[in-house]
Amino acid sequence: MAEDIKKGLLGIVVDETEVSKVMPEINSLTYRGYAAQDLCAKCKFEEVAYLILNGELPSEKQLKDFEKVERKERNLSKTLLESIKNFPKKSHPMDVARTAVSIMGLEDKETKDNSPEANLRKVMRIFAKTPVALAAFYRIRKGKKIIKPKSNLSFSENFFYMCFGRVPEKEIVKAFDVSLILYAEHSFNVSTFTARTITSSLSDIHGAITGAIASLKGPLHGGANEEVMHMMNKIKKPENALNWINNALDQKAVVMGFGHRVYKSGDSRVPTMREYFSKVAKVKKDKKFEKIYDIVEKVMIERKNIHPNVDYPTGPTYHLMGFDTDFFTPIFVISRITGWSAHILEQHAANKLIRPLASYKGNSYRKVIPINQR
Ligand code: CMC
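Given the structure is predicted, the values throughout are model-derived calculations rather than measurements.

Peer 1: How should the pattern of salt bridges be read in this particular structure?
Peer 2: Oppositely charged side chains can pair when the atoms bearing their charge come close. Per the stated rule, a full pass over the model turns up 24 salt bridges. Across the salt bridge formed by Arg269 and Asp267, the nearest N and O atoms sit 2.8 Å from each other. On the basis of relative accessible area, Arg269 is assigned to the buried category, the value being 4%. Accessibility expressed as a relative area gives 4% for Asp267, which makes it buried. The residue Glu290 makes a salt bridge to Lys287 at a minimum N-O spacing of 3.6 Å. Look at Glu290 and you get buried, because its relative accessible area is 8%. Overall, Lys287 belongs to the partly exposed group, its relative accessible area being 39%. One continuous salt-bridge network, built from bridges that share partners, spans Asp108, Glu110, Arg121 and Arg125.

Peer 1: What is the right way to read the nonpolar core from this model?
Peer 2: Generally speaking, nonpolar side chains in soluble globular proteins are found buried as a group. Counting 100 residues, the largest nonpolar core has Tyr31, Phe159, Phe176, Val296 and Phe323 as its most contacted members. In this structure, this core is formed jointly by two domains, domain 1 (34–220 + 330–349) and domain 2 (224–321), each of which donates at least three residues. Not counting the four nearest positions on each side in its chain, Phe323 is found in contact with Tyr138, Phe159, Phe160, Cys163, Phe164, Phe176, Tyr318, Phe328 and Ile331.

Peer 1: Whenever I open this one, the sheet that holds strand β1 (residues 20–23) confuses me. Can you help?
Peer 2: Sheet strands associate in pairs through backbone hydrogen bonding, adopting either a parallel or an antiparallel arrangement. One open sheet accounts for 3 strands, arranged β1-β2-β3; its pairing is antiparallel. One side of each edge strand has no neighbouring strand; the edge strands of this open sheet are β1 and β3 (34–35). Pairing analysis gives 2 bridges linking strand β2 (residues 28–31) to β3, with the strands arranged antiparallel. Bridging across to β3, Thr30 finds its partner in Ala35.

Peer 1: In this structure, what is going on with the packing of aromatic side chains? I would like to understand it.
Peer 2: Inspection of the entire model under this criterion finds 23 aromatic pairs. Centre to centre, the rings of Tyr183 and Phe332 are 3.8 Å apart; their planes meet at 15 degrees, and the pair counts as stacked. Residue Tyr183 is located in helix α8 (residues 170–183), and its partner Phe332 is located in helix α16 (residues 328–349); the two are separated by 149 residues in the primary sequence. Here Tyr183 falls in the buried class, since its relative accessible area comes to 0%. Connected via pairs of aromatic rings, a cluster forms that spans Tyr138, Phe159, Phe160, Phe164, Phe176, Tyr318, Phe323, Phe327 and Phe328. Here Arg274 stacks its cationic end above the ring of Tyr293, 4.7 Å away from the centre of that ring. Residue placement shows Lys279 over the ring face of Tyr276; its charged tip is 4.7 Å from the ring centre.

Peer 1: Please clarify how the domain arrangement of the protein should be interpreted in this entry.
Peer 2: Domain boundaries assigned for the protein yield domain 1 (34–220 + 330–349) and domain 2 (224–321). Contact with domain 1, which involves 23 residues of that partner, is made by 20 residues of domain 2. For the pair domain 1 and domain 2, the summed buried area comes to about 1800 Å², and 68% of that belongs to carbon and sulfur atoms. Looking only at domain 1, the three residues that lose the most surface to domain 2 are Leu182, Tyr183 and His186, adding up to 30% of its buried area. The tally of links between domain 1 and domain 2 comes to 0 salt bridges. Joining domain 1 to domain 2, the criterion identifies 6 residue pairs in polar contact (both at pLDDT 80 or more). Put simply, the parts of the chain that give the side of domain 1 that touches domain 2 at least two residues each are α1 (36–42), α7 (155–164), α8 and α16. When residues of the side of domain 1 that touches domain 2 are assigned to their parent elements, the largest contribution, 9 residues, is made by α8. A per-class count over the side of domain 1 that touches domain 2 returns 14 nonpolar, 5 polar and 4 charged.

Peer 1: Which parts of the structure should I look at to understand unusual backbone geometry?
Peer 2: Trans peptide bonds make up the majority, and among non-glycine residues the majority have a negative phi. Phi is positive for Leu202, close to 65 degrees, though the residue is something other than glycine. Within the secondary structure, Leu202 sits in the loop between α9 (190–200) and α10 (205–216). Phi is positive for Asn305, which is not a glycine, with a value near 55 degrees. For Asn305, a relative accessible area of 53% puts it in the exposed group.

Rules behind the numbers
- Chains are numbered independently. Their residues run from 1 in the order of the written sequence.
- At least 70 in pLDDT is required for a residue's local features to be given in this predicted model, at least 80 for side-chain atom pairs to be given and counted, and no such filter applies to totals for whole chains, interfaces and linings, which use all residues.
- Derived side-chain values reflect all non-hydrogen atoms in the structure, with water molecules and hydrogen atoms excluded from consideration.
- A pair is scored as a salt bridge if a Lys or Arg side-chain nitrogen falls within 4 Å of a carboxyl oxygen belonging to Asp or Glu.
- Think of it in three bands: with a 1.4 Å probe and only protein chains considered, a residue is buried below 20% of the maximum accessible area for its type, exposed above 50%, and partly exposed in between.
- Throughout, nonpolar core names a set of buried Ala, Val, Leu, Ile, Met, Phe, Trp, Tyr and Cys residues whose side chains join them through atoms within 4.5 Å.
- How far each domain reaches was decided by an automatic or database domain assignment.
- We call two residues in contact when some of their heavy atoms are within 4.5 Å.
- The rule for pairing is simple: two strands pair if DSSP sees at least two bridges between them.
- Helix numbers and strand numbers start at the N terminus; a helix is a DSSP run of H or I with at least 4 residues, a strand a run of E with at least 2.
- Each pair of aromatic rings taken from Phe, Tyr and Trp, with Trp reduced to its six-membered ring, is defined by centres within 6.5 Å and is described as stacked if the planes are under 30 degrees apart, edge-to-face if over 60, and tilted in the remaining cases.
- The criterion is that NZ of a Lys, or CZ of an Arg, lies within 6 Å of the ring centre and within 35 degrees of the ring normal, and then a charge sits over that ring.
- When two components associate, each loses some accessible surface as probed by a 1.4 Å sphere; the sum of these losses over both components is called the buried area.
- A 3.5 Å cut-off defines polar contacts: any pair of N or O atoms within that distance qualifies, except that in protein one atom must be a possible hydrogen donor and the other a possible acceptor, and neighbouring residues in sequence count only when both atoms are side-chain atoms.
- Note that Gly is not counted as nonpolar here; it falls among the polar residues with everything else outside the nonpolar set of Ala, Val, Leu, Ile, Met, Phe, Trp, Tyr, Cys and Pro and the charged set of Asp, Glu, Lys and Arg.

If you want it as structure tokens, here you go:
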């Protein structure tokens, strides 16, 4: 008799977590009990990063100390910088992020130490250095000079500065900060589960984050924000949107940026990100993508009752900010490092090797025939 298979672990609860939850009573994603949209309204990204990693919102002094460490760690070793310079220019930046974190693991003096204290120190290094590595690649592949990080800039300001050589308008920085807050954590999604699975064999944090980045790259997960932009570029102008989406649905296409394993009637992060997408479009005086956005969303809800997920508004928002499309998912990485790390720490604190079973459907038992008789 076939076992009861739960493909994709659909509906299976595999462990407990204190990091985040989608709370049905407020219909919202919460981090450590706080609604993500409330955090977007009242906090900067660094406060939320602190909250996710440490369990509580920081006091002013705690935030200052946290920022001091993050800013101090914003430097890359010569080896890492030289490696990035030698990466193929056509590499996907997600592969650059993955390889950069892996190289950080080769260099970190505490790689083998899985104590919570050492892991938190390593998190701060990965958290601070990954954006620097990505921005360096952003410049190098365009044949531009690398811009060193500035310690008087916030996490978000510094990322813009290292990529573009300037900090944009404050509305743009706030929208970016909001996107990082919304991307920071989402319970047992694919990449977080990957990180926890790697951790469960008592492997190290660099390995777990490297694996999580590989997992996030896929278009069914983080890669969707890039696919949304490819879709919008194919649609080209609002006048084409209605036909395009109707044709796509007639052909039973999966429309990127829509649907979610957990939210079935709308991702709670979308209204906040939609609002900031609009603010960015206003600053950039470019409403084209907003119009396409609204038409596609309306048809998806009317015809399929499928709502957008957070990757739908972030895609065009990052485009309007000036980022290359293949940098959208790496931006997700620099934020989600916080969520992954909190889960890695939690996994270590109450570890059980993750090792599910499979229902075997291969050949029945047979004897090996020596090669000269096959
Ligand atoms: N476009 C068209 N149809 C869809 C979509 C979509 N985006 N999403 C779900 N459906 C349909 C699907 O075809 C299926 O129909 P049927 O029952 O007739 O076969 C039904 O809805 C259920 O979908 P599912 O794929 O079985 O649901 P799931 O929970 O396994 O998948 C998902 C969730 C996110 C993988 C899926 O909705 C999808 O592929 N979305 C597009 C990719 C995407 O936007 N991913 C980002 C996810 S959220 C943020 C993140 O993780 O980065």
